[in-house]
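Remarks on the overall topology
Okay, here's what each chain looks like letter by letter:
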Amino acid sequence: MKVLDLRCAHDHAFEGWFANEEDFQGQLVRGLLQCPVCGDGQIRKTLSAPRIQRSAMQERPPTGVTPQESAPAPHASDVPDGLPASVQAAWLQWARQVVAKSEDVGERFAQEARSIHRGDSPERPIRGQASPAQTLELLEEGIPVLALPATATDTLH
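Cut-offs applied
Residue indices begin from 1 for each chain and proceed along its sequence in written order. pLDDT decides what is reported in this predicted model: residues at 70 or higher carry local features, side-chain atom pairs at 80 or more are listed and counted, and totals for whole chains, interfaces and linings draw on all residues regardless. To get the side-chain values, all heavy atoms of the structure are used, and hydrogens and water are removed first. The criterion for strand pairing is that DSSP finds at least two bridges linking the strands in question. Counting from the N terminus, the helices are the DSSP runs of H or I reaching at least four residues and the strands are the DSSP runs of E reaching at least two. We count a salt bridge whenever a side-chain nitrogen from Lys or Arg sits within 4 Å of a carboxyl oxygen from Asp or Glu. Here's how the labels work: a residue is buried when its accessible area is under 20% of the maximum for its type, exposed when over 50%, partly exposed in between, all with a 1.4 Å probe on protein chains only.

**A word on the sheet that holds strand β1 (residues 2–7)**
Spatially, β2-β1-β3 is the arrangement adopted by the three strands of the open sheet, whose pairing is antiparallel. Every other strand in the sheet has two partners, leaving β2 (13–18) and β3 (44–45) as the edge strands with one partner each.

Below, the structure written as structure tokens:
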């Protein structure tokens, strides 16, 4: 199995798994490769670090670096860009499903979430915009909410 780091014309990074180089080239020529972020078909290989199987060895951070220092804390602006390509692609696939299977209620999100929670509106998956204060209020009221970066849902339509 050959794992390649790929990029589209819009410079979105992702990973592709192929049986061999010929498999990659064949899929590229037939137009079967697409960017998981934007769907672009102009795909190119980028430099990749070799992958070494270390199942029998315990990985340790470099000397003098604590595990907390070895990776910066994630921020909303880092998602999905701050993730490894394979995780980024999986996250984007999940986010696309969320967008496809939910109703966009826009700025009425907090109001609609409360209405569904009380049983005044039919139960269904919704998405929209809520301020940090509104999100905290919903959580304190026992209403489950998952915050996604705005850029995630904006680019997935």
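After presenting the structure, the write-up continues.
**Notes on the pattern of salt bridges**
Evaluated as defined, the whole model comprises ten salt bridges. The closest approach of N and O atoms between Arg44 and Asp11, which form a salt bridge, is 3.1 Å. Taken as a pair, Arg44 in strand β3 and Asp11 in the loop between β1 and β2 lie far apart in primary sequence, 33 residues in all. Judged by relative accessible area, Asp11 falls into the partly exposed class, the value being 43%. Across the pair Glu137 and Arg114 runs a salt bridge whose closest N-O atoms are separated by 3.4 Å. Pair noted here: Glu137 is in helix α5 (residues 132–140) and Arg114 is in helix α4 (residues 109–118), with a separation of 23 residues, a long-range link. Taking relative accessible area as the criterion, Glu137 reaches 38% and is therefore assigned partly exposed. Residue class for Arg114 comes out buried when judged on its relative accessible area of 19%.

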